[in-house]
Amino acid sequence: MKLKWSDVTPEQSYLDRRKFIAAGAIALLGTPALALAGKTSRYSTVEKQNTFEEITNYNNFYEFGTGKTDPASNAGSLKTSPWSVRIEGMVDHPGSYGVEDLVPDSALEERIYRLRCVEAWSMVIPWLGVPLAAILKKAGPQSGAKYVAFQTLLDPKQMPGQAYGGGIDWPYREGLRLDEAMNPLTILATGLYGRVLPNQNGAPIRLVVPWKYGFKSIKSIVAISLTDKQPRTTWQMLQPSEYGFYANVNPQVDHPRWSQATERRIGSGLFGGRQETLMFNGYGDEVASLYAGMNLAKAY
Ligand SMILES: Nc1nc2c(c(=O)[nH]1)N[C@H]1C(S)=C(S)[C@@H](COP(=O)(O)O)O[C@H]1N2
Ligand SMILES: [Mo]
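Note that this is a predicted model, so its numbers are computed, not measured.

### Looking at the UniProt feature "binding site: Mo-molybdopterin" (unreviewed entry) in the chain
Thought 1: Taking the numbering used here, the UniProt-annotated feature "binding site: Mo-molybdopterin" (unreviewed entry) corresponds to Asn-59, Tyr-62, Glu-63, Cys-117, Thr-152, Asn-201, Arg-206, Ser-217, Ile-218 and Lys-219. When only the residues just named are considered, the largest pocket is lined by Asn-59, Tyr-62, Glu-63, Cys-117, Thr-152, Asn-201, Arg-206, Ser-217, Ile-218 and Lys-219.
Thought 2: Among the secondary structure elements, Tyr-62 is positioned in the loop between helix H3 (52-57) and helix H4 (70-74).
Thought 3: Structurally, Cys-117 is set in the loop between strand E3 (109-116) and strand E4 (121-131).
Thought 4: With a relative accessible area of 6%, Cys-117 lands in the buried category.
Thought 5: The contact partners of Cys-117, leaving out residues within four places of it in the chain, are Asn-60, Tyr-213 and Gly-214.

Okay, structure coming up:
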C-alpha cells in the first residue's frame, strides 16, 4: 500500500505544514541531495534506510494504542501546532518556547540513525533535528544539574490511550544523565525523510538517543526539566526489573523474558533472518566512555 502524506496527517495541520514547507523547508524537499549535502553528518550510518511507509506504519506510541499500526490510525487527533516546550528546573533561562523558535528550520541537520527497540526489532531512520546540547547550552544548565527529565503531552482527549490507563502513570516520562543529554549523538527531531515529523513518530518534537533502547526516545515533548535527582521514567516505573534507567543497547544483557543478542530489521522480510545486536547499537566509539567503570548488567 502506498501512503500519501495527506493520509498520515489531519487536513488542518496538513495545511499548516504546507505553510511551514513554503516558509523554509522547501529546499529540503525540492532538492534534498543538494540541500543536505552541506549538512551530511559524520554520525550518520550508510546502511539501507527503512522506507517512509515502514517508519510511519510500524510504531510504538502507547498514547494512541498498543498495536504497531494504532499510532498511524489514531494519531491524527493530536494537534501539533501551536506547540510549546517548557524548559524548567535548574537552568538560568527557564521559559516556554515555541517549537519553531527552539528548532528553527535553518538549524536542522540530517542524522541517519539505527533505532533499536527493546522488543528486538530495529530500523534505520533519516531524522532531521538539532543536537539537544545546543538547546541545553542556551538554556544555561546550573552547576548542580545532573539529569534531564522529559515529559510527553498529557491530554486524554487528544491522546485516547491515556484515557484507558493500561497501567501507565501518564504522562509518558523519560530521562537522561546530563552528560548523555549533552552527547553530540543526542538530538531533538522535528522531521524525517526531509519532511515534518508525522504525528505517529512523535510530532512536533521528540528525542532520539540512538545508542539506547527506543523507549528512551520520548515523543511529543512538552517539558524538559533539569534536576539534581535521577528522574523516574515510564517503563522503569511500570516494570523496574525489566526496564532500567540506562537502557543502553547491550547484546550481553538479556531482557528477563527474551534474548537481546540478535534483532530483526524491519523490512528484511520473512526470510531476512536476524542480525547481531551491536553494543551501544554500534555507537560505542562515541558513548562507551560515558559508562567507564560501571557494571552495565546492574545499571541496565
Ligand atoms: N510518548 C511516548 N514516546 C515513546 C513511546 C510511547 O509509547 N510514548 N514509545 C517508545 C518506543 S518503545 C519506541 S521503540 C520508539 C518508537 O519510535 P517510532 O515509532 O518513531 O519508530 O518511541 C518511543 N517513544
Ligand atoms: Mo520500543
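Picking up where we left off.
### Regarding the packing of aromatic side chains
Thought 1: Within the structure shown, the criterion is met by 11 aromatic pairs.
Thought 2: With centroids separated by 4.9 Å and ring planes inclined at 85 degrees, the aromatic side chains of Phe-61 and Phe-64 adopt a geometry described as edge-to-face. Summarising the burial analysis for this pair, Phe-61 and Phe-64 share the class buried.
Thought 3: An angle of 80 degrees between the planes, with centres 5.6 Å apart, marks the rings of Tyr-62 and Trp-235 as edge-to-face. Taken as a pair, Tyr-62 in the loop between H3 and H4 and Trp-235 in helix H9 (residues 234-238) lie far apart in primary sequence, 173 residues in all.
Thought 4: Taken together through their ring pairs, the aromatic side chains of Tyr-147, Phe-245, Tyr-246, Phe-280 and Tyr-291 make up a single cluster.
Thought 5: A cation over a ring is seen here: Arg-114 above Tyr-283, with NZ or CZ 4.5 Å from the ring centre.

### Some points on the site of ligand 1
Thought 1: Taken together, 16 residues lie around ligand 1, and Asn-59, Tyr-62, Glu-63, Ser-217 and Lys-219 are the ones closest in.
Thought 2: The separation between a nitrogen atom of ligand 1 and a polar main-chain atom of Asn-60 is 3.2 Å.
Thought 3: In the model, a nitrogen atom of ligand 1 is placed 2.9 Å from a nitrogen or oxygen of the Ser-217 main chain.
Thought 4: Considered on its own, ligand 1 offers 540 Å² of accessible surface; in the complex 98% of this is hidden by protein.

### Topic: the nonpolar core
Side chains of a nonpolar character, in soluble globular proteins, are inclined to be buried together.
Thought 1: Ranked by size, the top nonpolar core spans 75 residues in total, and within it Trp-127, Phe-150, Ile-205, Leu-207, Trp-211 and Ile-221 carry the most contacts.
Thought 2: Among the elements that take part in this core, E4 stands out by supplying 6 residues, more than any other.
Thought 3: Excluding anything up to four places from it in sequence, Phe-150 contacts Leu-132, Tyr-172, Arg-173, Glu-174, Gly-175, Leu-176, Leu-207, Ile-218, Ile-221, Ala-223 and Ile-224.

### Overview of the pairing of strand E11 (residues 262-265)
Thought 1: The two faces of E11 differ: Glu-263 and Arg-265 on one face are buried, but Thr-262 and Arg-264 on the other face are not.
Thought 2: Two elements, E11 and strand E12 (residues 275-276), share 2 bridges in a ladder whose sense is antiparallel. Counted as the bridge partner of Thr-262 is Glu-276 from E12.

### Quick look at the environment of Gly-214
Thought 1: Looking at the element boundaries, Gly-214 is found in the loop between strand E9 (206-208) and strand E10 (221-227).
Thought 2: The class for Gly-214 is buried, based on a relative accessible area of 18%.
Thought 3: Here the alpha-carbon distance between Gly-214 and Asn-60, two residues 154 residues apart in the chain, equals 8.9 Å.
Thought 4: Residues within four places of Gly-214 in sequence aside, it is in contact with Leu-115, Arg-116, Cys-117 and Val-118.

### A few points about the sheet that holds strand E1 (residues 84-89)
Thought 1: Ordered by their spatial adjacency, 5 strands build an open sheet running E2-E1-E10-E5-E6, and the pairing between neighbours is mixed. The open sheet terminates on both sides in strands that have one partner only, identified here as strand E2 (95-98) and strand E6 (173-177). Across the sheet, the axes of successive neighbouring strands diverge by a mean angle of 20 degrees, strand direction being ignored.
Thought 2: With 4 bridges connecting them, E1 and E2 associate as antiparallel partners. Bridging from a neighbouring strand, Val-85 pairs with Tyr-97 of E2.

Calculation criteria
Per-chain numbering applies: the sequence of each chain, read as written, is numbered from 1 onward. Working convention: letters from A go to chains and numbers from 1 go to ligands, in the order in which they are written. The predicted nature of this model means local features are confined to residues of pLDDT at least 70 and side-chain atom pairs, given and counted, to a pLDDT of 80 or more, with totals for whole chains, interfaces and linings taken over all residues. Water and hydrogen atoms were dropped before computing side-chain values, which therefore reflect all heavy atoms in the structure. UniProt positions are given in the numbering used here, feature names are shortened, and annotations may be inferred rather than shown by experiment. Think of a 1 Å grid over just the protein atoms. A cavity is a set of points where a 1.4 Å probe fits yet cannot get out, a pocket is an open set with protein on both sides within 12 Å along at least five of seven lines, and lining residues have an atom within 4 Å of a point. Think of it this way: any DSSP run of H or I at least four residues long counts as a helix, any run of E at least two long counts as a strand, and we number them from the N terminus. Note on exposure labels: buried denotes an accessible area under 20% of the residue type's maximum, exposed denotes more than 50%, and partly exposed covers the range between, all computed with a 1.4 Å probe on protein chains only. Any two residues whose heavy atoms approach within 4.5 Å are treated as being in contact. What counts as a ring pair is set by centres within 6.5 Å for rings of Phe, Tyr and Trp (its six-membered ring), and what kind of pair is set by the plane angle: stacked under 30 degrees, edge-to-face over 60, tilted for all other angles. The criterion is that NZ of a Lys, or CZ of an Arg, lies within 6 Å of the ring centre and within 35 degrees of the ring normal, and then a charge sits over that ring. In this text, near means that some heavy atom of the residue lies within 4 Å of the molecule or strand in question. Under this definition, polar contacts are N or O atom pairs within 3.5 Å; protein pairs additionally need one hydrogen-donor-capable and one acceptor-capable atom, and for neighbouring residues in sequence, both atoms have to be side-chain atoms. Computed with the Shrake-Rupley method and a 1.4 Å probe, the accessible areas treat only the protein chains shown as cover for residues. In this description, a nonpolar core means a group of buried Ala, Val, Leu, Ile, Met, Phe, Trp, Tyr and Cys residues linked to one another through side-chain atoms lying within 4.5 Å. Here, a strand pair is defined by DSSP locating no fewer than two bridges between the strands. Lines fitted to C-alpha atoms define the axes here, with helix axes fitted over just the stretch in contact, and angles between the N-to-C directions of these axes take values from 0 to 180 degrees.

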